[in-house]
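These are the residues of each chain, in order.
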Amino acid sequence: SPIPQPISVFDETTQNITAIRKNAYLAKVDKFLHISKHSLDELDTKYDPHSFDTVIFHITSKDEEKINDLYYGLDYILKPNGTVLIISRPSWEFPLSSKFLLLEQKDLIKGDSTYRTWLLQKK
């Protein structure tokens, strides 16, 4: 069977990277992950152009001001017609870029928490 392509995972805090590594090891999926420490504004220096079909980003309140960095990076790393799933808090006014088409927006409920998701496709 084909070797699965590694899943790239990143965060900018050492604490989160440590937790990701520990949890991946415990779940026995660490060999499928490429884990690195960097920020949203470094996507164009950490990954090759058009290297992803699909990406998922969980945007926290501290990341919301970096949405332009995210869009710039997504335009760089996503293949044409690639998709991105953005997960954030439901009250965030998500600004849509003209370089992406909104395919779906919906809320996810997990316990007492609600998350809003936006599925976008690169034009």
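Above this text is the structure in question.
Residues numbered from 1 in each chain as written. Predicted model: local features only at pLDDT ≥ 70, side-chain atom pairs only at ≥ 80, totals over all residues. Heavy atoms only, no water.

Undergrad: What am I meant to see in the pairing of strand S6 (residues 113-122) here?
TA: Side-chain direction in a regular strand flips from residue to residue, so the side chains alternate between the two faces of the sheet. Note: strand S4 (residues 78-88) against S6, 6 bridges, orientation antiparallel. Residue pairing for S6: Leu85 is matched across the bridge by Leu119. One ladder, built from 10 bridges, connects strand S5 (residues 100-110) with S6; its direction is antiparallel. In the sheet register, Gln105 faces S6, and the bridge partner there is Trp118. Between S5 and S6, which pair antiparallel one after the other, the connecting turn spans 2 residues, and Gly111 there sits at a positive phi close to 65°. (Pairing = 2+ DSSP bridges. Helix = DSSP H or I, 4+ residues; strand = E, 2+ residues; numbered from the N terminus.)

Undergrad: Can you walk me through the pairing of strand S3 (residues 52-58) in this structure?
TA: In this sheet, S4 lies alongside S3 in parallel orientation, the contact comprising 6 bridges. When the bridges of S4 are listed, Phe52 appears paired with Leu78. Following the chain from S3 across helix H3 (residues 67-77) to the adjacent parallel S4, one finds a crossover that is right-handed. (Right-handed = clockwise from strand over helix to strand, strands pointing away.)

Undergrad: Whenever I open this one, the pattern of salt bridges confuses me. Can you help?
TA: Between side chains of opposite charge, pairing is possible as soon as their charged atoms come close. Within the structure shown, the criterion is met by 8 salt bridges. A salt bridge links Arg116 to Asp107; the nearest nitrogen and oxygen atoms lie 2.7 Å apart. Residue Asp107 is classed as partly exposed on the basis of its relative accessible area of 37%. (Salt bridge = Lys/Arg side-chain N within 4 Å of Asp/Glu carboxyl O. Buried < 20%, exposed > 50% of the residue type's maximum accessible area, 1.4 Å probe, protein only.)

Undergrad: Quick question: what am I supposed to make of the side chain of Asp11 here?
TA: Summarising the element assignment, Asp11 is placed in strand S1 (residues 7-11). Nearest to the buried, unbridged Asp11 among oppositely charged side chains is Lys62, at 5.4 Å. At a separation of 2.9 Å, a polar atom in the side chain of Asp11 contacts the main-chain amide nitrogen of Thr13. Ignoring any residue separated from it by four or fewer positions in sequence, one finds Asp11 in contact with Asn16, Ile17, Ile20, Ser36, Lys37 and His38. (Lys, Arg positive; Asp, Glu negative; His and termini not counted. Polar contact = N/O pair within 3.5 Å; in protein donor to acceptor, adjacent residues only side chain to side chain. Contact = heavy atoms within 4.5 Å.)

Undergrad: Help me out: how do you make sense of H3 in this one?
TA: An α-helical turn contains 3.6 residues, so a residue and the one three or four places further along point in the same direction. Among the residues of H3, Ile67, Leu70, Tyr71, Gly73, Leu74 and Ile77 are the ones counted as buried. Considered in projection along H3, the buried side chains sweep an arc of 165° and stay on one side of the axis. Summarising the geometry of H3, the exposed residues directed more than 90 degrees from the buried face are Asn68 and Tyr72. (Arc of directions from axis to C-beta.)

Undergrad: I keep staring at helix H1 (residues 14-26) and nothing clicks. Help me out?
TA: For H1, with 13 residues, the first-to-last C-alpha span of 18 Å sits near the 18 Å given by 1.5 Å per residue. Two residues or fewer past H1, Lys28 is found with a positive phi of approximately 60°. (Expected span 1.5 Å × (residues − 1).)

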